[in-house]
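Per-entry structural report
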Amino acid sequence: MDQKTNKSKSSASKRRGLGITVKLVAAVVVSVIIAVSALLAVVYQRMSQTLLDKSNEMLYVTMERTNEETQTWMNHTLAMLESQRDTIQYENMENLELTEYIKHTAGQQEA
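So, here is what we can say about the structure in this document. Per chain, the residues get numbers from 1 upward, laid out in the order the sequence is written. In view of the model being predicted, local features appear only for residues whose pLDDT reaches at least 70, and side-chain atom pairs are presented and counted only at 80 or more, with totals across whole chains, interfaces and linings using the full set of residues. Side-chain figures throughout are based on the complete set of non-hydrogen atoms in the structure, without hydrogens or water.

Right, let's talk about the overall build of the protein for a bit. Secondary structure elements follow DSSP: runs of H or I of four or more residues count as helices, runs of E of two or more count as strands, with numbering from the N terminus. In terms of regular secondary structure, the protein is built from two helices and zero strands. To sort residues, take the accessible area from a 1.4 Å probe on protein chains only and compare it with the maximum for the residue type: under 20% means buried, over 50% means exposed, and anything in between is partly exposed. By residue count, 5% of the 111 residues in the protein fall in the buried class. A total of about 10200 Å² of accessible surface is found on the protein, and carbon and sulfur atoms cover 62% of it. Under the convention used here, a 1.4 Å probe and the Shrake-Rupley method define accessible areas, while residue burial counts only the protein chains that appear.

So, in structure tokens, the structure goes:
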């Protein structure tokens, strides 16, 4: 009978040891999952903010360049129109000459 008692005690302690091991492994796994989730959330937040800042900076630079190019184009077009106006005004062209001059200068700025 002593052997049966010893066997039942040893199998009970093995089950108890296995139960504690399972609980310990589960607690470690849950802790690792929580830690990795927190790390990923922080990394996501920082990368999102960095990308947003970079996007805003690129948008501002692009807007400024586009504005400068448009302003340059408008100034060039205005200078050309003023030159055409002065030419028409000071040359005293007849209607036929005026028509030919306008046809000649029209469409030069399309390229």
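Here, a salt bridge means any Lys or Arg side-chain nitrogen found within 4 Å of an Asp or Glu carboxyl oxygen. By the definition in use, this model includes one salt bridge. Here Asp86 makes a salt bridge to Arg85, at a shortest N to O gap of 3.2 Å. Its relative accessible area of 49% is what places Arg85 among the partly exposed residues.

Glancing now at a nonpolar patch on the surface. Together, Leu24, Val28, Val32, Val36 and Leu40 make up an exposed nonpolar region whose accessible area comes to about 450 Å². In this fold, Val32 is placed in helix H1 (residues 2-91). Like charges within 9 Å and nonpolar side chains (Val, Leu, Ile, Met, Phe, Trp, Tyr) within 5 Å are joined into patches, using only residues over 30% in relative accessible area that form no salt bridge.

Here Gln84 is to be found in helix H1. Here, residues are in contact when the closest pair of their heavy atoms is within 4.5 Å. The contacts of Gln84, once residues within four sequence positions are left out, are Tyr101 and Thr105.

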